[in-house]
Amino acid sequence: MTVTITDFLVKKDDLHQTRFAERALPALQDGEVLLRVDRFAFTANNITYAVMGESMAYWQFFPASDAGYGRIPVWGFADVLESRCAGITVGERLYGYLPMSTHLVIAPGRVSEGLITDAVPHRAALPSIYNTYNRVLKDPSYDPKHEAEQALLRPLFTTSFLIEDFLSHNDHFGATAVVLSSASSKTAIGVAHQLKQRGQVQVIGLTSPGNAAFVERTGCYDLVLPYAKALQAMPATQKTVFVDFSGNGQLLHDIHHHFDDALVYSCLVGGTHWDQRATQHALPGAKPTFFFAPTQAKKRSADWGPGGVESRVGAAWRPFLSSATYWLEVTERFGTAQMALIYDETLSGKTVPDRGYMLAF
C-alpha cells in the first residue's frame, strides 16, 4: 500500500512558525499497524504540549523528520488502515494520543480486549498513560454521539481528576478555599466540578470580565471574580490553595504576596499565557510546584491497583460529561488551512471558552 503522510509541523523555538510537509510511508513491517487519523481535538492544552515540548519530552512522542520542528500531540480517533499485527483488524477504531498528521504507525506491544499499547522504541521511556489506545467498541464509556466531547474533554478531565484527587488526598493542605486562575479553561472547570462535588472547600474562579458570565454558567464555582477585583474580594488571612492554569507571572506574584503565609499550596498547571511564563523565586507563601499528571496517575495506580485509576476517572467522567453538554459548543473544521487558522487563534489566546474545536485533514 502506497501512502503519503501529511504532517503539521511547528518550529520548536518559535511556535508561530508552522508548515505542512508530505513524506512517503515506508512499507509496513511485521508487528506494525498503520492508523489513519480521522479527527482530533485542539485546545489550549495542546499549546501547553508545545510550550513544554522540550522540558517535558512531548516532542519525543512523534518525532519530526526535521529536528528543528515538532509534531504537537493531540487526542482523537483513528482507524486501522493496515495491520500486520495479530489480533488487530482493518477498520477497527481507536482513541488515544496522536500526532497532527494524516497517519501514524504503531508497534503494539500489549494487546488486550480493550487496550493496545504502542511499544515503538522511542516511546518506551515516556509515560505509559500516553502510549495506550482504547479500542472503542470495548470501552464502556464510549458513546459515538459524544466522540467530540470525549476528545475535547476526557484527557483534560483526567488531569482535572488527578489534580483534585491530589488536593483532597492531602486534605487540601489545610485550606478552606481553592482559587483557580483561567477559570474558563476546560481543565480548570473539571477541577472545580470535582471540588464542588466533594463540597469540602470554597471554590473560587478567577477569569477575565468577558468570560465571567460563562464561568458562572458552568455552575462549578462558588465565587467567580474578574482578575482586577480578585485580590480585594479574597480575605488575605484565609488558608488558600492556588491552582494556576494561566502561567501569568504577574498574577502568580500578586497572589503570593496577597496571601503570604496563608497560601498553603501553590500548584502550577499548564501555561495558557505561554509568552509570559517566568521563573518564580523567593515568593512568600508556599513554593510554586508544577503538577505533572502522569506522576499522580502512577502513584494512584500503585494505591488502587490495575485499572483503578481508569475506573474511578470513568465513574467521575459521566456526570461531568452530562454537565458539559450544557456549556460546550462543538465546532468542526476541515482541511489544512482551517487547521493552521485554529492553531494560530489558540496560540494567540483568541478562542472562546464555550467552544471546542474538532479538526481533520
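Residues numbered from 1 in each chain as written. Predicted model: local features only at pLDDT ≥ 70, side-chain atom pairs only at ≥ 80, totals over all residues. Heavy atoms only, no water.

(A) Geometry of the layout of surface pockets. Its boundaries defined by the atoms lining it, the second largest pocket holds a volume of some 350 Å³. Considering the residues around the second largest pocket, the lining is formed by 20 residues, among which Arg23, Arg71, Leu104, Val105 and His122 are closest to the centre. Broken down by element, the lining of the second largest pocket gets its largest block of residues, 4 residues, from strand β7 (residues 103-106). (1 Å grid on protein atoms, 1.4 Å probe; cavity = no way out; pocket = protein on both sides within 12 Å on 5 of 7 lines; lining within 4 Å. Points joined across faces, edges and corners; volume = space filled by probe spheres on them. Helix = DSSP H or I, 4+ residues; strand = E, 2+ residues; numbered from the N terminus.)

(B) How the structure looks around empty space enclosed by the protein. Considering all chains together, one arrives at 2 cavities of 30 Å³ or more under this definition. As a volume, the largest cavity reaches approximately 50 Å³. Lining of the largest cavity is provided by Ala41, Thr43, Asn45, Asn46, Trp75, Ala151, Leu152, Pro155 and Leu156. Those elements giving two or more residues to the lining of the largest cavity turn out to be α1 (44-51) and α2 (147-169). In terms of residues, the lining of the largest cavity owes the most to one element, α2, which gives 4 residues. For the lining of the largest cavity, the per-class residue count stands at 6 nonpolar, 3 polar and no charged. If you add up the space inside the second largest cavity, you get close to 30 Å³. In this structure, the second largest cavity is lined by Met1, Val3, Leu25, Pro26, Ala27, Leu28, Leu34 and Glu82. Residues of the lining of the second largest cavity, tallied by class, amount to 7 nonpolar, no polar and 1 charged. (Nonpolar A, V, L, I, M, F, W, Y, C, P; charged D, E, K, R; others polar.)

(C) The arrangement of the nonpolar core in detail. Of all hydrophobic cores here, the largest spans 91 residues; its most connected members are Tyr97, Tyr133, Leu180, Tyr221, Val243 and Tyr343. Looking at this core, the element that brings in the most residues is α2, giving 10 residues. Aside from chain neighbours lying at most four places away, what touches Val243 is Ile163, Leu167, Val178, Val179, Leu180, Ser181, Cys267 and Val269. If you look at the next biggest cluster of nonpolar residues, it comprises 16 residues, including Leu225, Phe242, Leu268 and Leu283. (Core = buried A, V, L, I, M, F, W, Y, C linked by side-chain atoms within 4.5 Å. Buried < 20%, exposed > 50% of the residue type's maximum accessible area, 1.4 Å probe, protein only. Contact = heavy atoms within 4.5 Å.)

(D) Up close: the side chain of Thr218. Locating Thr218 in the fold gives a position in the loop between α4 (212-217) and β13 (223-226). Given a relative accessible area of 10%, Thr218 falls into the buried group. A polar atom in the side chain of Thr218 sits 2.7 Å from the backbone oxygen of Val215. Ignoring anything within four residues of it in the chain, the contact list for Thr218 reads Ile189 and Trp327. (Polar contact = N/O pair within 3.5 Å; in protein donor to acceptor, adjacent residues only side chain to side chain.)

(E) Main features of the packing of α2 against helix α7 (residues 293-304). Where α2 contacts α7, the two axes come as close as 10 Å, and the packing angle between them is 65 degrees. Here α2 lies roughly perpendicular to α7, going by the angle between them. As α2 packs across α7, the resulting crossing turns out to be left-handed. Within the contact between the two elements, α2 uses Thr159, Phe161, Leu162, Asp165, Phe166 and His169 and α7 uses Ala293, Gln296, Ala297, Lys299, Arg300 and Trp304. When grouped by side-chain class, the residues that make up the contact of α2 with α7 number 6 nonpolar, 3 polar and 3 charged. (Axes fitted to C-alpha atoms, helices over the stretch in contact; angles between N-to-C directions. Parallel < 35°, antiparallel > 145°, perpendicular 65-115°, else oblique. Left-handed = near helix turned anticlockwise from the far one by under 90°.)

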